[in-house]
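Letter by letter, the chains look like this.
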Amino acid sequence: MDQARSTISKIFNGEPHSYTRFNLTQNMEGDNSQVEMKLSSDMDEEVGGNGVGDHLNHNPVRKPYVAQKLGRTPKNLCFMAAATLLIFIIGYLIGYLVHRKKDLVPSPAVSMLPIEQPVLHETGAAPLMDWDDVKELLAEKLTASKFEPVFSEFTSNSHQAGSLGDEDLANKVITRFKEYGMNTWTDEHFVKVQDPPASGSNRVVFKDGKEERPNGFLSYSANGTVTGAVVYAHYGQGSDFTFLQGRNINLNGRVVLVRAGRISFAEKVANAAKMNASAVLIYADPLDYSIGDTTQLFGHVHMGSGDPYTPGFPSFNHTQFPPVQSSGLPTILAQTITTAMATSIQRGLGGQSGPAEWALYHKLGDDTDVITVEVNNVLTEKKIHNVFGVIKGFVDADRYVVIGAQRDAWGPGFATSTVGTSVLVELARSISDMVKNDGFKPRRTIVFASWTAGEYGSVGATEWLEGYLSSLNMKAFSYINLDGVVTGRSGFKVAASPLMHGLIENTLKELNFGKDQSLFTQFGKGNWESDVLEPLKLDNAAYPFLAFSGIPSVSFRFTSGNSDYQYFGTMLDTREKLNSATANQVPQLAVTSARFAGHIALRLVHDHLLQMDLGKYEKIIRTHVAQINTKVKNVQRMKPQLLPKALTVQWLISAYGSYSRASRNLATEIQNSDLEDIEMCRIINDRIMAVERNFLSPYVSPKDSPFRHILLGSGPHTVTALSNHLDALRNDDPESDADLFRNQFALATWTIQGCANSLAGDIWSLDNEI
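So, a few notes on the structure that sits alongside this text. (Residues numbered from 1 in each chain as written. Predicted model: local features only at pLDDT ≥ 70, side-chain atom pairs only at ≥ 80, totals over all residues. Heavy atoms only, no water.)

### Describing the pattern of salt bridges
Next, step 1: The full count for this structure, using the stated rule, is 32 salt bridges.
Next, step 2: Of the charged contacts, one joins Glu-153 and Arg-176 as a salt bridge, the two residues approaching to 2.6 Å between their closest N and O atoms. Taken together, the residues span a long stretch of sequence, with Glu-153 in helix α6 (residues 144–154) and Arg-176 in helix α7 (residues 164–179) at a distance of 23 residues.
Next, step 3: Given a relative accessible area of 24%, Glu-153 falls into the partly exposed group.
Next, step 4: Linking Arg-399 and Asp-686 is a salt bridge whose minimum nitrogen-to-oxygen distance equals 3.1 Å. Residue Arg-399 is located in strand β14 (residues 396–406), and its partner Asp-686 is located in helix α22 (residues 678–694); the two are separated by 287 residues in the primary sequence.
Next, step 5: Asp-686 gets classed as partly exposed once you look at its relative accessible area, which sits at 27%.
Next, step 6: Residues joined by salt bridges that share partners form a network here, namely Asp-132, Lys-135, Glu-510, Arg-603 and Asp-607. (Salt bridge = Lys/Arg side-chain N within 4 Å of Asp/Glu carboxyl O. Helix = DSSP H or I, 4+ residues; strand = E, 2+ residues; numbered from the N terminus. Buried < 20%, exposed > 50% of the residue type's maximum accessible area, 1.4 Å probe, protein only.)

### Thoughts on the side chain of Lys-268
Next, step 1: Summarising the element assignment, Lys-268 is placed in helix α9 (residues 265–274).
Next, step 2: Buried within the structure, Lys-268 lacks any salt-bridge partner; its nearest side chain of opposite charge belongs to Asp-240, at an N-O separation of 7.0 Å.
Next, step 3: A distance of 2.7 Å separates a polar atom in the side chain of Lys-268 from the backbone oxygen of Gly-261. (Lys, Arg positive; Asp, Glu negative; His and termini not counted. Polar contact = N/O pair within 3.5 Å; in protein donor to acceptor, adjacent residues only side chain to side chain.)

### Overview of the packing of aromatic side chains
Next, step 1: This model, assessed by the stated rule, comprises 32 aromatic pairs.
Next, step 2: Taking the centre distance of 4.9 Å and the plane angle of 65° together, the rings of Tyr-543 and Phe-707 count as edge-to-face. With Tyr-543 in helix α17 (residues 543–548) and Phe-707 in the loop between α22 and α23 (719–730), the pair connects residues that are 164 residues apart, well separated along the chain.
Next, step 3: The class for Tyr-543 is buried, based on a relative accessible area of 5%.
Next, step 4: With a relative accessible area of 4%, Phe-707 lands in the buried category.
Next, step 5: With 6.0 Å between their ring centres and 45° between their planes, Tyr-659 and Phe-695 make a pair best called tilted. Linking Tyr-659 in helix α21 (residues 650–671) with Phe-695 in the loop between α22 and α23, this pair joins segments that are 36 residues apart in sequence. Note on accessibility: Tyr-659 and Phe-695 belong to one class, buried.
Next, step 6: Three or more aromatic residues link up through ring pairs in this structure, and these residues are Trp-185, Phe-316, Phe-388, Trp-451, Trp-464, Tyr-468, Tyr-479 and Phe-545. (Phe/Tyr/Trp six-rings, centres within 6.5 Å; stacked < 30°, edge-to-face > 60°.)

### Section: the sheet that holds strand β11 (residues 333–336)
Next, step 1: Strand order in the open sheet formed by seven strands is β5-β4-β12-β7-β8-β9-β11, and the pairing between neighbours is mixed. Each end of this open sheet is capped by a strand with a single partner; those strands are β5 (211–212) and β11.
Next, step 2: As paired strands, strand β7 (residues 224–232) and strand β12 (residues 370–375) are joined by six bridges and run antiparallel to one another. Residue pairing for β12: Gly-224 is matched across the bridge by Val-375.
Next, step 3: Contacting β4 (203–206), β5, β7, β8 (255–259), β9 (279–283) and β12, helix α10 (residues 339–347) crosses the sheet at an angle of about 115° to β9. (Pairing = 2+ DSSP bridges. Contact = heavy atoms within 4.5 Å. Axes fitted to C-alpha atoms, helices over the stretch in contact; angles between N-to-C directions.)

Shown next, in the form of structure tokens:
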């Protein structure tokens, strides 16, 4: 065949050096196998092309055929006849062979591309829609007027997790998803939660006064009755208890009275338990809340998320595990009381005066201020349902972004759950409509999730994560949380994985807020990171996605300046109260919230490569390494017997250097990559997705330490714990242990090095000596 091709080339072109090359490339995408043929000549290589458009529109320049004058001698005529016959025979044979091969092999799609260009793979997706068009389509479909009927549909005065009201809302959500043409399914769990006593009540008696029976309660409190002296501890933060110790106030066996706010109920109780207190009473102080003297507070005190009686594994009905409980469950009593009850107790306290910043009228209490606390909460099992709808991607359907919202609430829960559920449903409608009617074809999948049992500590969402962890942390590349997105209008806060900070900044700049300014200019005109960003906290539903599953996550909210929404966890969380907090702008703020979440989701499923900023973690690691290096040298200088000079931070510095090089090398690869190469983009995206997951420490059990992220999680495996352990060694803390520190140090170092190795690519691409 080569000889024949050469002969034909010589006859027609008279150029023995010009030839045609064939390159067959097979690409497997889903169930379709595509084979592409590429033809080019040496001349095509000289013309070339430089951009994606060149790949699609390349029109090779060909040299014109110049006929050669051949004499009409008998010899020449015979030669021409023989050549013509030879061409006919060769053409017939080639046609026969090609036709026979087509009978044996399914007919492939064939495209003629110049050899010097990368192969284009048929994906089944429409040409990439311009991003500006995508933004405009989303803006057209999300309007304030469309939110009003959705608010009405999902407003409910009784939809506590597992109740009939909760099931009714779940059915409404799944019905909406089906109307939009989405694939739907439900996820069922049997969870154990604590509810207030069905008969009888919890009670509080101060000195010989009136017996108080609060209706509010804290799920997962220890049960029983304790009697002890009251001590006032401000917000119950660690620094507050340190202050009390500095005043030589013995906290052993005391009942601690603390204000709601600043940190979660669970953290307040955990801090008090560390001081050997016997019980905690939590109230809403009038300086922070104007909710009335008799408003009851509801919440939970589990220092974790999910069902605390199945830590690290899902609460499926067929689960056959022995009885076990989370280490985050408190061992002391916890109860909420009304503002009026707290005021009565404070007026009867003696002892020392608190500092001015704690409020001048507060006394700290003394040994004669005795109170009795009784908690009789009931542990019950509930069947809960998470509801899902999916818009499948057209290229990487097995890679997905998850958008979720809590559906349940203690009472009306308008800001807690109604607004978030409405935003979820409206986003699903809008994006589904863009796909069905406007030609938008996302490259990746979008999963819409309606969670329940969020009020008990993100139970529904966490149980789903635990049930499908091995699949999710390989395929889910982001989670967007819609809980509590509208609580005010004068501020805007975002908590997210550092990988998403760049995408968040771009989204703030793209979205309009009002007529003439963007979200960025309105809320981030100083330093947007300090003005807008806040830490992702344990009580945020996005936290387990990030710290437990290693999925980059984002949560955001409109706020009332620096103050929290006052009605969370009360029966006053109604449309009227939220209207008051937002100057009747709830629908408009809901639209902006939907656009913010939609922009992030659509950008992640629209672009060839995921917009994740690897450089943010480089800066975070560098800061921790510098801090640990300084502290190790201080301990070695002050306590040389604890940390010998042989212990060096060089390994940790090297691990940071490896991550830095790997992230920069990947950035260079991205710069030089061909965005039309589907397989290359998939490989790069998988390397990006692995970063968050590889920061989960493999050396601790998800049952004992569920939040395994060494940079953003909690527990002895984190770099923050490593730094704190060095402080304990320097201060001769009896709980410090030099050998334990060295073990923690080695494991944290290797976790960072392992993340760098994964980010670098294939094993043969590594340049680090182990």
